[in-house]
Structures are given as C-alpha cells and as structure tokens.
Amino acid sequence: MSPRRGSGDDAIFLEAARAIVSGTGRMGTQSVPVHQAHLVGPNADTDLQVLSARQFLGMAMSGGDAVLLHAAVLLLEAACAATPARHPERDTRLWYLALARMEFCETEPNPAELAKSERLINQISPDSPKRSDALKSLADLYVRQYEALKDPADLDRAVGHLDQLLATLPKRDPDYAGVLVDLGYAHRLQYVRTGAAESMDHVVDYWERALVLITRWDANWADLATKIGIAHLTRYTLTGIMADLDRALELLDRAKTILPKRDPIRAQCFSVLGEVHRLRYERLSLKQDLDRAVEYGERAVRGQEPGADHLNNLAIAYLTRYAATGSRTDGDRAIAFGERSLNGLEGDYKLTALSNLGLAYRRRYRRNGAEADLDRAVDRGAAALALAEEGHPAAAGALTNLAVAHLLRLGQPGRTVDRQVLDRLATLAHGCSSSTPYERARAHYVVGGLALDMGVFDIAIEHLDTAVELLPLVSAREIAPLDQEYLISGQFGVVSEAVAAHCVAGDPAAAVAIAEAGRGLQAGRQLDARTDLTDLEEAHPDLARRFRESGKRLEGPDGGRRRRWAEYDELLKQIRRRRDFQYFLRPAPIEQLRSAAQGGHVVLVNAGERRGHAIIVNAEGEPRTVPLPGLNGEDARNRAADVLACTQGARSGAGRNQARELTEVLDWLWDTAAGPVVDALPETGTAPKVWWLPIGALGLLPLHAAGRPGEPGALSAMVSSYTTSLRMLKFARRPSTAAQRRQLVVALARTPGMIDLPGAAAEAASLLEQLPEALAFKDGQASAERVLKALPASTWAHFACHATADLQSPSKSGLRLHDGALPSAAIGGLWLRDAELAYLSACSTAQGGALNVDEAIHVASAFQLAGFRHVVASLWPLEDQIARRAAKAFYDRVQRSPSPDSAAETLRQVSLDIRAEHPGRPDLWATLIHYGA
C-alpha cells in the first residue's frame, strides 16, 4: 500500500479501512480484497501494516472517518504483537499504537483508551526518544481529562508523567521550557482543586525556571511573565510574603510594555497589575498605590468588551479607595462594576465577586446607614456562600463577609438573627479546611463574635478558641518576621474576644490560658527555644545537638523550605515523647506559670467589644474575675488613638494640650479599669506589687498612671510593672546569676541627622561619677557593632539616645546610634544569661505597633527577650531634661547595688517625685514604665 495520496485516493483508503474492520471490529481475511491480503492473516507484512496504519492515522487526525482510526489501531496491534521484544522498530510501533489510541481521547474523555495508551507507553524503552514524545502527549490528555471529569487521579498521573519527562530531557532541549510550563499548569490546577500553598510553590518554581530559558523579550515572554505575576500574587494572598508581591509587580510592569496593544493578555496584565498595587496599598498605606490600582483597573476595561474578572478587580479597587477616603463616587462605582461583573462570571470567580459585592454594600451601609444596603450585603453574601462547596478555598472569606453582615444586622434596633443561621455558619466554619489559616481564623472569630452577641456562649467559646489556636499558623514560622507581623495584625481583636467569652462564661482560668496561647507568638517562639533547649541539652545532649542543626538548616534558601520544616517537626515530636518534655516549645499549663505572680498580683485587663474584665492571677488559688462594665473595645481603641496622636513627634516639651488629653485618658482609665482593680485587691497596709498584662489596645495605655486629677490614683496605690505574658514574667523572674555589676553606658548627645540631646551627656556623666569603672561609649564611639559586642559582658546597660518606634512594622523599631539603627531584632536575638537591668532613656521604647499590640514588639521587649530581668522604658517621647533628672534620681537611689530587684519601686518613687513637681503634666511623669521581675 503506497503512502502517497491524491484526492482520488481517499475513497480507496476509506474502502480499505472498512474492509479491514469487520462488523465486530475485528480483522478478518474473508472481507479483505485480494490486493489487501498482505495486511492481515498469519503471513501479513508488519512493515506494510505499520505504513498503512500511519496513513490511516494521518487521515483520521485530519478529520477523516472514524473507521480510519479503528483500522489504524487494528493494524498496529497486529504489528506490535508480531514484533519481537528486541526488534529495533518495536518502540516506534508501540509509540504509533499509543498515539492512535490517544486519538480516541481527543474529542472527548475516554479513560479506558487513555489507560491503554499509558500501558503501551510504559513498554517503550526508557531511553527512547519516542517515549519522551509520548509522555508529553499522554500528560496533556490526562490534564484535559481531569478538566472534563475532575478526577484528581488524572491530575496526579499528568504530573507524574511530566516529572518523568523532565528528568530525561537535557536543559538545552528545545522542549524543556515547554515541559516546565506544562508542569506549572498542572500544579496550578491542583492548587485550584485543593487550595494547597505547596501547589502554588510548584507553579512559581516551574514557571520561573521556564522564563529564564526564554531569551527574547517578546510577546511569548510577556505572556508567561504575566502568568507568573499572577502566580506570585496568588501565593502572596496565601502566605503574606512581601517578596511575592514585589516580584509580581516587577514582572507585570515589564510585561505591560512588551505586550501588543490588541493582545487580550495585555488587558489581563493591567487588571492584575491594578490588584497588585491595591494589595501594596493595604500593606504599605501608600496613596499612590491605591490610585494606580484604580488607574490600571480602568485601563483593563477600556476600549473593548471588558472581561468580567477585570470588572470585578476594578470594583475591588474602587471599594478599597472608598474605604480609605469615604468618597461616595468610589463606593457607588465599586457596586456598579461589581454588579456588572456578575453577568459574565461563573464558578469560583462568581463566588468571589458576590462576596466582594456583599462587602461593598456592607461598607456603604456603615457610612449611610441604609438598611437596604445591609439587606443586599446579606443577600449577596448568602449567594456567595451557596456557591462554596465544603472545603472550597474561598469558603472562609465568603463566610466572614456574611457573618459580619449578620453581626451588623443584630446591632440594629428590633432586628435579630435566627439561631438556625448561627448554627449553619458555625458548621460551615468548621468545613473551611482548604482556606488559608488567615481566612479560617477570621471566619471563626466573626462567627464566635456573633454567637457571643447572641448569648450562645458554647458556640462563641468554641469558635473564638479555634481562632486563637490558628494564630500560630497565621504567622507561620517559615516566613520572615515582617511578614508575620503583617499577617498577625489582621487578626486584631481575636484574643480579646476569646478572653471576653470565657469571662462571661465564668471561667477566668480558661481566659488566662487562651490569652497566653494567642499573644506574643514571635517572642514566645524565641523564648521557648532558648529556655527549653537549655533543659534539653542537660537531659538529652544528642537530641539537643540534632535539634540545633535542624534549626540552622531552616535558615537556608527558599528551595526545600517546607521539607526542612517537616524534618524539624518530626524531630520535635521525638523530643516531646521524652519524659518531662511534653511541653517543649509550646505554652506550659497555667498551673506551671502562675508561680510567676509570687509576692504580687498579675492583672490581666481586657476590653472585649461589648464588655470588659480584669482577671487577678496569684501564685496560689484560682484566678478571680473583676467585671469592668464601663470598658469596651471601641472606647479602648479610641483612647489608644488619642494617646498616640497627642504624643507622637514630641521630644522637647509635650505641651499643655497633650497634657490635657492625657489627663482625660488617665481619668477614664481609673474609672473603667484601674480603680475597680485597686478596690478588688486585698488590703495589706502597703502598696501591693502588680504586673499589668493588658490585652489589645489597652497595651498602648498607661494603666500604672491611671487616676483622677489631684487624686493619688494607681501610681500611689500600687507598685506597677508590665509583662507581655506569664511565661515572659516567669523568664524574667528566674534566679539571678550575676555575681557583680558590670555597667555599660551608651550616650549620644549628638546623633547624625537628629536633634541634639544635651541631657544625654549629663546622664552619662552622672552615672560614670558613681561607677567610674563602667564601660562607656559616647557619641561617635557608640556604633551598633561595638554595643552588640559589649552587651554580653554587661549585666546593667544604660542608653541615653534617640530611638524610633515604627507603628506599622514594630520590629523595625530600634535605638539610634552613631552609625545608624540598632534594631529590636538584633537585640532580641542575643541571649544574655547574666543580664540584670536595661535602662532605656530614649523615646517610645515601650511603644509597639497599633495593630500588633498583642505581639508586644518594641525595644523594651527585645531587651527583655535578650535576657534582661528588668527593663525601664518609655511609652512615648521623653522630654530631654526630664529624662536626665529621672535617670539621675533612679541611680541615686540604687547606688552601686549589684541587684536591681528594687527597680519597680525605685521607678515609682521617681515618677511620684516628678508628679509632685509637675502635677498637671502626665506627659512628663507617666511615660516611664518598668518591665520584668
């Protein structure tokens, strides 16, 4: 049979094919013409069978009759069956047969034929080029079959075959980049199915590797760069890692300049670029990012019939700007574009659009109070949630938006929320296992808050506790500290509401436990690793060595990071199975921690959204609840904002207006919090020792100075210290190991680029007069390197200098030395076993982030984490001369004592003296506080 074809040959070939295929689909010699007899039967020519089959196959693939494909398969099956295992053409014939069978799957899924093709390909020699060609086609068909039938096993097979193919191809092979792209696409489908961050890691990795191999910056490069930008953006939404957002911006910015104007990918590039800028605004609060988000979103929908997803992205951009500016036009546009997008969306995209639309109506309701908007918010939210199957990655976000709308409806006069609605939301919250930890925590928090307001305390406690338990996953260990801070800031209020729920339910011990579990996560990890590892080294030195080595490997490059964490976790399990190490690197039970309150009272103060409580914890006996009916979350946040507003930027002379505002805050604090606590403490005839443990926004307020003008207040009634947690207090109250006092003095009267501090020089001179043997670094001598080297040999440290407090990213806070900043992270990374007291005569060294306040990340906590048992710090900027006088008075009282255990009482006396001299200026006398033992 000749392989040559002419237009008149088609009928002949078709007739031959029909003759070969019997009525039962089997080859039979009776129906084959004489001139075709050499294709069938025991004397058939296998070479001619293959040649004819190829001809039939080519015609079938060009749209010919289906009988051609059947004939090709029958001929190739016969040829393969007659071909010996070591025949040089066996691999080629198997490949053609597999190709023919795969052709059955081209128009519609055919799992049986695809499985037969797979078995044939597995028979091809591993080193045969035909195997590589077949694997790529097979993987492509499995992907298409998965898209049609949604069987996860098909996707797994596709990935497996592509992995095999990639392993056999040299990197210079022209198909190598294409296989990387295909692998990335398959893993993207797996991400869509499961929401697993690991799948998106693979997408980014494979596509980035493929992009490097594309040497020309053309439309193909820009197309792939846009896809990678979208992948980085998606991963950012999963992990909060800022590097992903930066990379997405870099790729999309370049791609938009390369893509042709009429290329549909260009509109997608602009749309996604707008979303990147919107998320950058949410992270960095830069107005230009928000304006660019709207600008690029508008360009994406301009000049053509806009895609529904582009309309949705533009709606979200307008919604974000509406929330920032209150512009009614932006709010209306957000809703208009959102509603318009619904017409062209389905599936996951429609789910997200409906949820965001509900959010838009809800935000407009908050501004205009129109009940119709709140009703629409509920309707759109319910429609979104109805599209989310159990385990859907977007389910938690949709549930949160709907639950908040119900919470607002509950707050309307005469409106209620049906108990069945709450029960359904509670059930759905537990089914959001594929959503990110961030979204899951938010969903449980909002459902718990709704239940708390409805008085259903068992559901409230269950979900609020779950939200707190998810917080360590939200600020995952494997991401950078700044990214952890950002993610945890989005969970503001979670711990406070959980504490409130337990207090309302009459279980203060559980309230303390949940507060301990949800606060100071970053510092807690460092502290646990430091203290627990010391015990492990003594009991099991080999395990301790392996654990240290495993921890060091975690600091390696991004590649393989999840695997290294899995190895770390497995070693952690081994350690926790050892006797006395079941709490290794995890919070100890409250029963083991409350000994930290020996000789005094730890007072946890909490302002829930609707109610406030204090809990008094003593070394013995059960914790006691003190109701604070005048305290709530909104008032606490407003008062904290007042303190930040009136104290920021002041160093010399805070001013009478600031003093007046602070006086009002102190008056309010006394009535709502400190006063009831003082009344609840046992009368002993002396000022009791109290460690304040404020939750949420209360952590920015001077509880130690609360009081009405002209009255004694808390400063006279008690000896106040602060602590970030019970375990941090227990760490601070560990036995002293310092045999003598080794004083370090760091003083900068002149700091490059900042105003002079003449009082700093006077502070240093006064202290050195008492301790001439002290090590001193002044002005130009005070470099970060020198100070870090000197701290391990020092037991006492005094700093008189500038400091910076970054409220957005508090770990960027630090002391300002001659050569720049000494950041909190560098200080907290030290482990100073003999450290006793750090006196920080610098601005705002105890001021943490406004949204990260429960993490208590500031300069003072860094020194405490480094090992200093006592830390004196400031809540807001210090007036230079007052700082000098306070420091001199403090050291005059302690003299040359090697022990600073009287530090809290000494600082109280200093503050009382300054208050007596400046009674109407709390900005001068209330700023210094004591942390620690």
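Each chain has its residues counted from 1, running along the sequence as written. Given that this is a predicted model, residues contribute local features only at a pLDDT of at least 70 and side-chain atom pairs are listed and counted only at 80 or more, while totals for whole chains, interfaces and linings are drawn from all residues. The side-chain values count all of the structure's non-hydrogen atoms but skip hydrogen atoms and water molecules.

Going by what an unreviewed UniProt entry lists, the chain is known as CHAT domain-containing protein and is assigned to Glycomyces algeriensis.

Asker: Mind showing me how you'd approach the packing of helix H14 (residues 308–325) against helix H16 (residues 347–368) here?
Answerer: Working note: a packed helix pair is described by the angle between its axes plus the distance between those axes. To define axes, lines are fitted to C-alpha atoms, for helices over the stretch in contact only, and angles between the resulting N-to-C directions are given on a 0 to 180 degree scale. Put simply, DSSP marks the helices as runs of H or I at least four residues long and the strands as runs of E at least two long, and each gets a number from the N terminus on. Contact geometry for H14 and H16: axes closest at 10 Å, N-to-C directions at 25°. If you check the angle between H14 and H16, you find them roughly parallel. When you trace H14 past H16, the crossing you get is left-handed. Here Asn312, Ile316, Leu319, Thr320, Tyr322 and Ala323 of H14 come into contact with H16, specifically with Thr352, Ala353, Asn356, Leu359, Ala360, Arg363, Arg364 and Arg367. Taken together, the residues of the contact of H14 with H16 sort by class into seven nonpolar, four polar and three charged. By definition in this entry, angles of less than 35 degrees are roughly parallel, angles greater than 145 are roughly antiparallel, angles of 65 to 115 are roughly perpendicular, and the rest are oblique. Helix crossings fall into two classes, left-handed where the near helix is turned counterclockwise from the far one by less than a right angle and right-handed where it is turned clockwise. Whether two residues are in contact is decided by their heavy atoms: any pair within 4.5 Å suffices. Residues are grouped as follows: Ala, Val, Leu, Ile, Met, Phe, Trp, Tyr, Cys and Pro are nonpolar; Asp, Glu, Lys and Arg are charged; every other residue, Gly included, is polar.

Asker: Help me understand the sheet that holds strand S9 (residues 802–804) in this model?
Answerer: Strands pair in a sheet through their backbones, by hydrogen bonds, and they do so in one of two ways: parallel or antiparallel. We treat two strands as partners when DSSP finds at least two bridges between them. Taken together, three strands build an open sheet; the order of strands is S9-S10-S11 and the sheet is antiparallel. The open sheet is flanked by S9 and strand S11 (820–823), the only strands paired with a single partner. Here the average twist between neighbouring strands, direction ignored, is 35°. Note: strand S10 (residues 814–817) against S11, four bridges, orientation antiparallel. Within S11, the residue paired with Leu815 across the bridge is Leu822.

Asker: What's the story with the confidence of the model for the chain in this structure? I'm lost.
Answerer: Low pLDDT means the predicted coordinates in that region are not meant to be read closely. How sure the predictor is of each residue is captured by pLDDT, a score from 0 to 100. When pLDDT is averaged across the chain, the result is 90; 94% of the residues are at 70 or more. Residue range residues 1–7 is modelled with pLDDT below 50. Its contacts to residues more than four positions away, or to other chains, number 19 contacts. In the model, residues 650–654 has pLDDT below 50 throughout and makes 17 contacts with residues more than four positions away in sequence or in other chains.

Asker: Sorry if this is basic, but what is going on with the environment of Val504 here?
Answerer: Relative to the assigned elements, Val504 resides in helix H23 (residues 494–504). Between the alpha carbons of Val504 and Val678 there is a distance of 21 Å; along the sequence they are 174 residues apart. For Val504, the residues in contact, after removing those within four places along its chain, are Phe457, Arg611 and His613.

Asker: How should I be thinking about the side chain of Thr672 in this particular structure?
Answerer: The residue Thr672 is located in helix H30 (residues 656–680) in this model. Throughout this description, a polar contact denotes any pair of N or O atoms lying within 3.5 Å of each other; where both atoms belong to protein, one of them has to be capable of donating a hydrogen while the other can accept it, and for residues adjacent in sequence the pair is counted only when both atoms sit in side chains. Engagement of the side chain of Thr672 in a polar contact is seen with the backbone oxygen of Trp668, the distance being 2.8 Å. Setting aside residues no more than four positions away along its own chain, Thr672 makes contact with Leu628, Gly630 and Leu631.

Asker: Help me understand the pattern of salt bridges, please; the structure alone is not making it clear to me.
Answerer: Where side chains of opposite charge bring their charged atoms close, a pairing between them can arise. When a carboxyl oxygen of Asp or Glu lies within 4 Å of a side-chain nitrogen of Lys or Arg, that pair is called a salt bridge. Scanning the entire structure with this criterion turns up 51 salt bridges. The salt bridge involving Arg328 is made with Asp332; its shortest N-O contact spans 4.0 Å. Here Arg328 and its partner Asp332 are both found in helix H15 (residues 328–341), four residues apart, which amounts to about one turn of the helix. Residue classification places Arg328 among the exposed positions, given a relative accessible area of 68%. The salt bridge partner of Asp373 is Arg376, with a shortest N-O separation of 3.1 Å. Of this pair, Asp373 and Arg376 are both found in helix H17 (residues 371–387), three residues apart, which corresponds to roughly one turn of the helix. The buried label applies to any residue whose accessible area, calculated with a 1.4 Å probe on protein chains only, is under 20% of its type's maximum; exposed applies above 50%, and partly exposed to all values in between. Looking at Asp373, the relative accessible area reads 3%, which means it is buried. Residue Arg376 is classed as partly exposed on the basis of its relative accessible area of 37%. Salt bridges linked by common partners bring Arg328, Asp332, Arg364, Asp373 and Arg376 together as one network.

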